[in-house]
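Coordinate inspection notes
Next come the chains, spelled out residue by residue.
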Amino acid sequence: MKKIVFNRSLALLFVLAALLAAVRVEAADYQARVQADIQAFRDYFTAQFPDVKFADYADGVYAIDEDSRQQWKEMEEFPPYALSVEDGKALFEIPFANGKTYGSCFANGGAVRQNYPYFDEKKGKVVTLEMAINDCRVANGEKPLACKTGDIAKISAYMAFISRGKPVDVKVQSEGAYKAYVKGKELFYAKHGKLNMSCAGCHMQYAGRRLRAEILSPALGHTTHFPVYRSKWGEIGTLHKRYGGCSNDTGAKSFAPQSEEYCNLEFFETVMSNGLIFNGPASRK
């Protein structure tokens, strides 16, 4: 495992102070406030894992554990998500009852992963890729899909695959977008559940440490590689399925996939990963 510096508690307090200070800024330039958060977030991980290159955080836990990274690279020669990508391509191209396909909703043949999530000013909420897939179905007279696994994860995996290499560059440029961002940030740092844990507790303060057989992944880059095929699941699943699993692991009640809470959390985490690349789908233990 690469070198880890264990002054995590003090460093995390520094990040929290910077984030709270940004909230109090009265200027109208929301993106400038967010940029201060991004820098503090990145500086935290630079301090904890000084040997890790910024670009490698798109690989999740494999950025910080060399042994696991080598095993993962071997697995990527025959990735377990490959069949899901093929299935997703077929589903993307199958016509709806009205003769149209998903291509009628998504530009560039569906290679648009880099455009999500975003804050929709008309709807007044964050729109994720999976939400947009279901919106496309409804607009074409079809029923929405369940948002954890199955067809929606496969379609999302295909769209992520053909969008690989595109940069993460989520903008927060309005009051509505900033409010959604702040709600996601608050959920990320809030302690909850029987274990009184937060997303930040596991994936910032304790990132790199072992929780039973698993190494806790760094929050930086969390959203770049979904959907994910997990050996634990035996199938490919969405980011919101993973959020639900994390909530359950802490003894907290999970929110519904594509709920406002999880959409805002995805929005915040993706903003924190600005500058990385989208490289999903991925495989994890």
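Residues numbered from 1 in each chain as written. Predicted model: local features only at pLDDT ≥ 70, side-chain atom pairs only at ≥ 80, totals over all residues. Heavy atoms only, no water.

1. Points about the sheet that holds strand E5 (residues 228–230)
- Overall, mixed pairing links the three strands, which are arranged E6-E5-E7 in an open sheet. The open sheet has two edge strands with one neighbour each: strand E6 (235–237) and strand E7 (282–284). Geometrically, the sheet is characterised by an average inter-axis angle of 35° between neighbouring strands, direction not taken into account.
- Bridging between E5 and E6 involves three bridges; their strand directions are antiparallel. By the bridge assignment, arginine 230 is partnered in E6 with glutamate 235. (Pairing = 2+ DSSP bridges. Helix = DSSP H or I, 4+ residues; strand = E, 2+ residues; numbered from the N terminus. Axes fitted to C-alpha atoms, helices over the stretch in contact; angles between N-to-C directions.)

2. Quick notes on the packing of helix H7 (residues 175–189) against helix H10 (residues 260–272)
- One can describe the packing of H7 onto H10 by two numbers: an axis separation of 7 Å at closest approach and a directional angle of 95°. One way to sum up the angle between H7 and H10 is to call them roughly perpendicular. Across the interface between the two elements, Ala177, Ala180, Tyr181, Lys183, Gly184, Lys185, Leu187, Phe188 and Tyr189 of H7 pack against Glu260, Glu261, Asn264, Leu265, Phe267, Phe268, Glu269, Val271 and Met272 of H10.
- Split by residue class, the contact of H7 with H10 holds 11 nonpolar, two polar and five charged. (Parallel < 35°, antiparallel > 145°, perpendicular 65-115°, else oblique. Contact = heavy atoms within 4.5 Å. Nonpolar A, V, L, I, M, F, W, Y, C, P; charged D, E, K, R; others polar.)

3. Here's the deal with the UniProt feature "binding site: heme c 2" (unreviewed entry) in the protein chain
- Residues annotated by UniProt as "binding site: heme c 2" (unreviewed entry) correspond here to Cys199, Cys202, His203 and Cys246. For this annotated set, covering 48 residues, all C-alpha atoms fall within 10.8 Å of each other, a compact arrangement in space.
- Summarising the element assignment, cysteine 202 is placed in helix H8 (residues 199–205).
- You can call cysteine 202 buried: its relative accessible area is 16%.
- The residues contacting cysteine 202, other than those within four sequence positions of it, are Met197, Ala207 and Leu216.
- Positionally, cysteine 246 belongs in helix H9 (residues 239–249). (UniProt positions renumbered as here; feature names shortened; annotations may be inferred. Buried < 20%, exposed > 50% of the residue type's maximum accessible area, 1.4 Å probe, protein only.)

4. Notes on the state of the cysteines
- For the coordinates displayed, the defined rule picks out one disulfide.
- Put simply, cysteine 105 and cysteine 136 are joined by a disulfide, and their sulfur atoms are 2.2 Å apart. Because the torsion about its S-S bond is 80°, the bridge between cysteine 105 and cysteine 136 counts as right-handed. Here cysteine 105 is found in the loop between helix H4 (82–93) and strand E1 (118–120), whereas its partner cysteine 136 is found in helix H5 (residues 129–139), with 31 residues between them in sequence.
- For cysteine 136, a relative accessible area of 2% gives the class buried.
- Free cysteine: cysteine 147, not disulfide-bonded; nearest cysteine sulfur from cysteine 263 at 8.9 Å.
- Of all cysteine sulfurs in the structure, the one in cysteine 246 sits closest to cysteine 199, which takes part in no disulfide; the separation is 6.9 Å. (Disulfide = S-S within 2.5 Å.)

5. Here we look at the nonpolar core
- Core analysis: the biggest nonpolar cluster contains 71 residues, and Phe41, Phe45, Phe106 and Tyr181 have the highest contact counts within it.
- A per-element tally of this core places H7 first, with eight residues.
- Non-local contacts of tyrosine 181, meaning those with residues more than four positions away in its chain, are made with Val34, Asp37, Val172, Phe267, Phe268, Val271 and Met272. (Core = buried A, V, L, I, M, F, W, Y, C linked by side-chain atoms within 4.5 Å.)

6. So, the side chain of serine 217
- Structurally, serine 217 can be placed in the loop between strand E4 (214–215) and E5.
- Under the relative-accessibility criterion, serine 217 is labelled buried at 16%.
- Non-local contacts of serine 217, meaning those with residues more than four positions away in its chain, are made with Val61, His203, Ala207 and His222.

7. Side note on the environment of tyrosine 229
- Counting through the fold element by element, tyrosine 229 comes out in strand E5.
- Spatially, the C-alpha atoms of tyrosine 229 and phenylalanine 268 are 23 Å apart, while their sequence positions differ by 39 residues.
- Apart from residues no more than four positions distant in its own chain, tyrosine 229 is found in contact with Pro80, Tyr81, Gly234, Glu235, Ile236, Ala282, Ser283 and Arg284.

8. Side note on H10
- Compared with the 18 Å implied by 1.5 Å per residue over 13 residues, the 18 Å span of H10 between its first and last C-alpha is a close match.
- The buried fraction of H10 is high, at 11 of 13 residues.
- Regarding H10, the residues found buried are Tyr262, Cys263, Asn264, Leu265, Glu266, Phe267, Phe268, Glu269, Thr270, Val271 and Met272. (Expected span 1.5 Å × (residues − 1).)

9. Some remarks on the packing of aromatic side chains
- Summed over the entire model, instances satisfying the criterion amount to 18 aromatic pairs.
- Pairing phenylalanine 188 with tyrosine 189 gives two aromatic rings, centres 4.9 Å apart and planes at 85°, and the pair type is edge-to-face.
- The class for phenylalanine 188 is buried, based on a relative accessible area of 0%.
- The buried category is assigned to tyrosine 189, whose relative accessible area is 14%.
- A centroid spacing of 5.5 Å and a plane angle of 90° characterise the contact between phenylalanine 255 and tyrosine 262, whose relative ring orientation is edge-to-face. (Phe/Tyr/Trp six-rings, centres within 6.5 Å; stacked < 30°, edge-to-face > 60°.)

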